[in-house]
Amino acid sequence: MKFDILLPQVISELGQRPEQEDCVWPAIGKASIHDRIFVATDGMGSDGQGSIASEAVTKALTDYLFTNTCPDEPLSNDLQRMALSSAYERLSEVGADGVGTSIAMLYMHRGGCTALHIGDCRIYQVRPSSSALLYRSTDDFKVMLAQSKYPVQPDVSLITDVQPGDYFLVCTKSLTAHLTDEQVVAVLCGPEDDNRKRQFFVNSSSQVEENHSGILVKVSGVMMETIDIPARQPASPHRAEHRQHSHHQDSAYNSHSHNHSHHHDREHHSAEGAGEKKRSFPVVAVSAISIVVIGCLLWWWLNSSSSPSPEDYAPVVTEQKDSVPQKDTMKIVDTNAEIKRDTTRVKRKEADTHQQNDSLLNTPKDDNLQPADESVDDGQQPVIPREINDPSSSGQQPASDSNAPAGTKPAPAPQPTNPNGGVTPRPVIPED
């Protein structure tokens, strides 16, 4: 969280003492709205050693925190111990045995407000909106002593319940010792401005013998961050514990304050519970929506990867990269088949023609034809007919020989022999 504050009101009064042994940070006239460290120390020691001790501890503590920390970061426990060790070392350097101081410090940082105190210096947190005392440090008899073998450990509280309008008062005991906690709350919750409230504390402690000093800080704005939500849970036990200590100091006021604070805590816890429910509902809703969306995407991805796409059902022709479509290829194949079938028909016709010719050639001889005799009687020469063809086939009658004796048939001319069998007809010799 980040804090905005108004101009701090610084108080530093001598009282009835000749020397100021208190020390505050920031000093009178040095405060600004950018301050985040507020310290009040009350030194003790003879011969003016108390003022030296309080100033040395205040300077050592603030120097270490300014050098090694940043208000934009939370204050860790290790940094607190190191800062206090630095203050102890500085105190041992400037003070003798028996010199010491009490201290109260408020440090505003990103993690909240760290309240640290040793001894009887005090820290108050008052909320005017509810007229409640939210925090008050407990007085004790511990002090930071120089040359101490066993350094005293401080009481540290982390205050995270801070709202705009809250007041913090860091002071020495003498500033409010003569006032009750109820009176302090009444002054800080009044309608007066901060300067008049400061003046009230100064006037009310004018008759106090000891030195009295303090810083009044009013928070004008608080910016909550995401990391601040878990840190607010342990703040309630600390406030209850410190209110219980206040009950032992002033029973009359604390009886009323305890009842009021208890009622306030119930309201605070109920408000926190309602806030937690409101904050948890959007988280659950977003988580459920995210799960449903992821499931739908996973289901879609599985179906799209397992089921074939519409492109798988497209014809093969559309996927070919060749210039010739598949249908033309099928036509070419059919044409080749037709050519083969035509060639087969031609071959079959030729085979049938050859077979027919062979059958004609192998036709048996006519019974009317008689073979010629090798020898001719009466010294006559055989007559060679001009026409080889069968007279019966051509429709002509064979010429009769005048020299042939009557009643004598001419001898048929010899026919050439066909090597394949049968008679091979002679070629027809045309007449001149």
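As the structure is a prediction and not an experimental result, all values here were calculated from the model. (Residues numbered from 1 in each chain as written. Predicted model: local features only at pLDDT ≥ 70, side-chain atom pairs only at ≥ 80, totals over all residues. Heavy atoms only, no water.)

What to know about the layout of surface pockets
A probe matching the size of a water molecule, rolled over the atoms, marks out where space remains unfilled. Spelled out, the test is: With a 1 Å grid spanning the protein atoms alone, the term cavity applies to any set of points in which a 1.4 Å probe fits but cannot get out, the term pocket to an open set with protein on both sides within 12 Å along at least five of seven lines, and the term lining residue to any residue with an atom within 4 Å of a point. Grid points are joined across faces, edges and corners, and a volume is the space filled by probe spheres set on the points. Only DSSP runs of H or I reaching four residues or more are called helices, and only runs of E reaching two or more are called strands; each is numbered from the N terminus. When residues are sorted by character, Ala, Val, Leu, Ile, Met, Phe, Trp, Tyr, Cys and Pro go into the nonpolar class, Asp, Glu, Lys and Arg into the charged class, and all the rest, Gly among them, into the polar class.
By volume, the second largest pocket amounts to about 330 Å³. Every residue lining the second largest pocket is counted, 18 residues in all, and those nearest its centre are Asp42, Ser102, Asp120, Lys173 and Glu210. Elements with a minimum of two residues in the lining of the second largest pocket: strand 4 (37-44) and helix 3 (173-176). The greatest single-element share of the lining of the second largest pocket, amounting to three residues, is contributed by strand 4. When grouped by side-chain class, the residues that make up the lining of the second largest pocket number three nonpolar, five polar and ten charged.

Observations concerning the pairing of strand 8 (residues 132-136)
Inclusion rule: Whether a residue is buried, partly exposed or exposed follows from its accessible area with a 1.4 Å probe, protein chains only, as a fraction of its type maximum: under 20%, in between, or over 50%, in that order. Two strands are counted as paired when DSSP detects at least two bridges linking them.
Among the five residues in strand 8, five count as buried, and that is most of the element. Bridge count between strand 7 (residues 122-127) and strand 8: four bridges; the pairing is antiparallel. Residue pairing in the sheet places Tyr124 in a bridge with Arg136 of strand 8. Turn length for the strand 7-strand 8 hairpin, with the two strands adjacent in sequence and antiparallel, is four residues, and the turn residue Ser131 shows positive phi of about 50°.

A few points about the pattern of salt bridges
The condition that has to hold: Salt bridge, as used here: a side-chain nitrogen of Lys or Arg that lies within 4 Å of a carboxyl oxygen of Asp or Glu.
Under the counting rule described, the total for this entry stands at seven salt bridges. Arg127 is the salt-bridge partner of Asp161, the closest N and O atoms lying 3.2 Å from each other. Residue Asp161 is found in the loop between strand 10 (155-159) and strand 11 (167-171), and its partner Arg127 is found in strand 7; the two are separated by 34 residues along the sequence. A relative accessible area of 2% means that Asp161 is categorised as buried. For Arg127, a relative accessible area of 2% gives the class buried. One salt bridge in this structure joins Asp181 and Arg136, with 3.0 Å as the shortest N-O distance. With Asp181 in helix 4 (residues 181-188) and Arg136 in strand 8, this pair connects stretches of sequence that are 45 residues apart. Arg136 carries the same exposure label as Asp181, and that label is buried.

Concerning the packing of aromatic side chains
Defined as follows: Classification of ring pairs rests on two measures: the distance between centres of Phe, Tyr or Trp rings, Trp counted by its six-membered ring, which must be within 6.5 Å, and the angle between planes, read as stacked under 30 degrees, edge-to-face over 60 and tilted in between.
In this structure the tally under the stated criterion is two aromatic pairs. Here the aromatic rings of Trp25 and Phe66 are separated by 6.0 Å at their centres, their planes lie at 55°, and the arrangement is tilted. With a gap of 41 residues between them, Trp25 in strand 3 (residues 22-25) and Phe66 in helix 1 (residues 49-68) connect regions that are remote in the sequence. By relative accessible area, which is 31% here, Trp25 ends up partly exposed.

Comments concerning the environment of Asp35
Selection criterion: Residue contacts follow a heavy-atom distance rule, with two residues in contact if any of their heavy atoms lie within 4.5 Å. The definition of a polar contact used here is a pair of N or O atoms within 3.5 Å, where within protein one atom must be able to donate a hydrogen and the other to accept one, and adjacent residues in sequence count solely through side-chain atom pairs.
Looking at where Asp35 falls in the secondary structure, it is placed in the loop between strand 3 and strand 4. Considered as a pair, Asp35 and Leu7 are 28 residues apart in the sequence and their alpha carbons are 8.9 Å apart. Apart from the residues lying within four places of it in its own chain, the contact partners of Asp35 are Ile5, Pro26 and Lys30. Among the polar contacts listed, one links the side chain of Asp35 to the backbone nitrogen of Ser32, at a separation of 2.8 Å.

Overview of the confidence of the model for the protein
Where we set the bar: Scored from 0 to 100, pLDDT records how confident the predictor is in each individual residue.
Taken residue by residue, the protein gives an average pLDDT of 75. The fraction at 70 or more is 59%. Low pLDDT (under 50) marks residues 231-265, which in the prediction has 45 contacts with non-local residues, meaning those over four places away or in another chain. Scored below 50 in pLDDT, residues 316-333 shows six contacts in the model against residues more than four places distant or in partner chains.

Comments concerning the environment of Ile5
Relative to the elements of secondary structure, Ile5 occurs in strand 1 (residues 2-5). Separated by 213 residues in sequence, Ile5 and Lys218 place their C-alpha atoms 5.7 Å apart. Look past the residues within four positions of Ile5 in its chain and what remains in contact with it is Ser32, Ile33, Asp35, Arg36, Phe38, Met108, Val217, Lys218, Val219 and Ser220.

Considerations on a nonpolar patch on the surface
Put simply, the rule is: Patch construction takes residues with relative accessible area above 30% that form no salt bridge. Like charges are linked within 9 Å, and nonpolar side chains (Val, Leu, Ile, Met, Phe, Trp, Tyr) are linked within 5 Å. Exposure was quantified through the Shrake-Rupley algorithm and a 1.4 Å probe, taking into account, for residues, occlusion by the shown protein chains and nothing else.
A cluster of nonpolar side chains, contributed by Leu298, Trp299, Trp300, Trp301 and Leu302, occupies part of the molecular surface with about 650 Å² of accessible area. Secondary-structure assignment places Trp300 in helix 8 (residues 251-306).

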